[in-house]
Amino acid sequence: MKQDGHETFEEMVGPAGSLGRIRLLAANRANRTRTKIKAWTRIRLPFILPARGPISGLDGGIDMPLHIFSRDPLILYVPVGGRRPLYALAAFCRRLARPRATFLLMPNWTLERPAVVEQIRKDLAWFARTCPKHELIFLCNTEKERRLIAGVGGNAIFSNHNLMISEDVFRPLPDVPVEYDAVYNGRISHTKRHYLAFEIERLVHVTSSIGELPPAGDCAFIRRLQAQSPLHSIANPLVDGLPGRLTSAEVNRVYNQAAVGLCLSAVEGAMYSSMEYLLAGLPIVSTPSIGGRDVYFDPDYCIIAEPEPAAIRRAVERLRDRAIPREEIRGRTLERVKAERLELMAYLSALKRRMGSDDPPFSEWPFAGTSGLTRWASVSEHLREIAAISSGKI
């Protein structure tokens, strides 16, 4: 057991000395080693490859999310994160033939980390030398994040990415009965601290895997959640012991089956599901955190509890028993969201004018929502699409 009393990954997957546990831990170590080696290479290549020649395209297969916000002038919306947030963008910008472009950079993981901010400082100097006509604008999730980026020479504004969540998808469903005390939308990861919810009597999980563990580890994690209590449930369909995907509408329905939404990690980005809970009308129990998920919290219906299972259970019971009207939570959240959306719309309208656009200012919210906002593709694929736009083929 760890000092805080929760089970380690090893304890979750089998008795000490068992063959299954030994195999799983070996697979987990091998998976982490492979991941680290690949990541070490991938995040460095874009900054050291030559602009031309036979090896200049070695980083063209790097995958990145991207949304073409404006074709003319060219403005691209790009989520960034990780230990070196700008590496994929460097691979993209180094090849972009079009001389002028602006990038709206959305941190999908907190930048409030000294080593990451220092790396951004160095990489911004690389962009200034290599891509002098490309403008990078960070849409920061917290004011502290904005100050840190500005402090290393970055162009940064405060604009929490939870503004992008669609209130048309996530909303109260009056015909759905409440079956659970709480819902936790958290991927398979030790950072999500699922164990903090284990004392809640009736709990439903929405989960997914992004490959942090090998498949055997994911299966062991799911078995542990299933074994915790007959009153705990996994909303995802299970295929060979692994969680399948739910549509956004299906996730919203699960939210409506619960009385409270949970946010249990200590560090992350602004956490899309925190805003999804609020727009569905759920009060929230959270732990102290950095990353910006608490920007739209209100003490009237959001409790910051100590990261300890009994404290989380008590906070959930307190909010459950208050039965705050869901439309009230949603309405008050939307008031704040709409005000900040108007500020961002004014900023983006001014940006387009500054780049030479004659388009009228935005009168409606110009983003479609997170589920379909960005498209994942390789750097090379995205560049081919930009080239087709520039040539008028699409």
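Higher on the page you've got the structure.
Residues numbered from 1 in each chain as written. Predicted model: local features only at pLDDT ≥ 70, side-chain atom pairs only at ≥ 80, totals over all residues. Heavy atoms only, no water.

Draft legend 1. Unusual backbone geometry, seen in detail. Geometrically, the link from D72 to P73 is a cis peptide bond, its omega value of 5 degrees lying close to zero. Residue position: P73 is located in the loop between strand 1 (63-70) and strand 2 (75-80). At R193, a position not held by glycine, the phi torsion is positive, near 50 degrees. Relative to the helices and strands, R193 resides in the loop between strand 6 (182-185) and strand 7 (203-206). Although it is not a glycine, A323 adopts a positive phi angle of roughly 50 degrees. By the secondary structure assignment, A323 is in the loop between helix 10 (309-322) and helix 11 (326-354). (Helix = DSSP H or I, 4+ residues; strand = E, 2+ residues; numbered from the N terminus.)

Draft legend 2. Examining the sheet that holds strand 13 (residues 302-304) more closely. The six strands lie next to each other as 8-7-6-11-12-13, forming an open sheet whose pairing is parallel. The open sheet has two edge strands, strand 8 (232-234) and strand 13, and neither has a second partner. In this sheet, adjacent strand axes meet at a mean angle of 25 degrees when their direction is disregarded. Taken strand by strand, helix 9 (residues 272-279) contacts strand 6, strand 11 (261-263), strand 12 (284-286) and strand 13, and its axis lies near 145 degrees from that of strand 6. (Pairing = 2+ DSSP bridges. Axes fitted to C-alpha atoms, helices over the stretch in contact; angles between N-to-C directions. Contact = heavy atoms within 4.5 Å.)

Draft legend 3. Region of interest: the packing of aromatic side chains. Inspection of every chain in the model, using the stated rule, returns nine aromatic pairs. Here W126 and F127 contribute two aromatic rings whose centre-to-centre distance is 5.0 Å and whose plane-to-plane angle is 85 degrees, an arrangement assigned as edge-to-face. Between the aromatic rings of Y255 and Y277, the centroid separation amounts to 5.0 Å while the plane-to-plane angle is 70 degrees, which identifies the pairing as edge-to-face. With a gap of 22 residues between them, Y255 in helix 8 (residues 248-256) and Y277 in helix 9 connect regions that are remote in the sequence. The pair formed by Y255 and Y277 is uniform in burial state, with each residue classed as buried. What links up through ring pairs into an aromatic cluster is the set F69, Y77, F362, W365 and F367. (Phe/Tyr/Trp six-rings, centres within 6.5 Å; stacked < 30°, edge-to-face > 60°. Buried < 20%, exposed > 50% of the residue type's maximum accessible area, 1.4 Å probe, protein only.)

Draft legend 4. How the structure looks around the sheet that holds strand 4 (residues 134-140). Pairing is mixed across the open sheet formed by six strands, whose spatial order is 5-4-3-2-1-14. Where the open sheet ends on each side, the last strands, each with one partner, are strand 5 (155-158) and strand 14 (375-378). Going across the sheet, the axis of each strand differs from the next one's by a mean of 35 degrees, ignoring polarity. Where strand 2 meets strand 3 (residues 101-107), six bridges bridge the pair, whose relative direction is parallel. For Y77, the partnering residue across the bridge sits in strand 3 and is L104.

Draft legend 5. Quick look at the pattern of salt bridges. All chains considered together, the criterion is met by 20 salt bridges. Here E167 ties to R341 by a salt bridge, and the two come within 3.1 Å at their closest N and O atoms. With E167 in the loop between strand 5 and strand 6 and R341 in helix 11, this pair connects stretches of sequence that are 174 residues apart. Here E167 and R341 have matching classes, each one buried. (Salt bridge = Lys/Arg side-chain N within 4 Å of Asp/Glu carboxyl O.)

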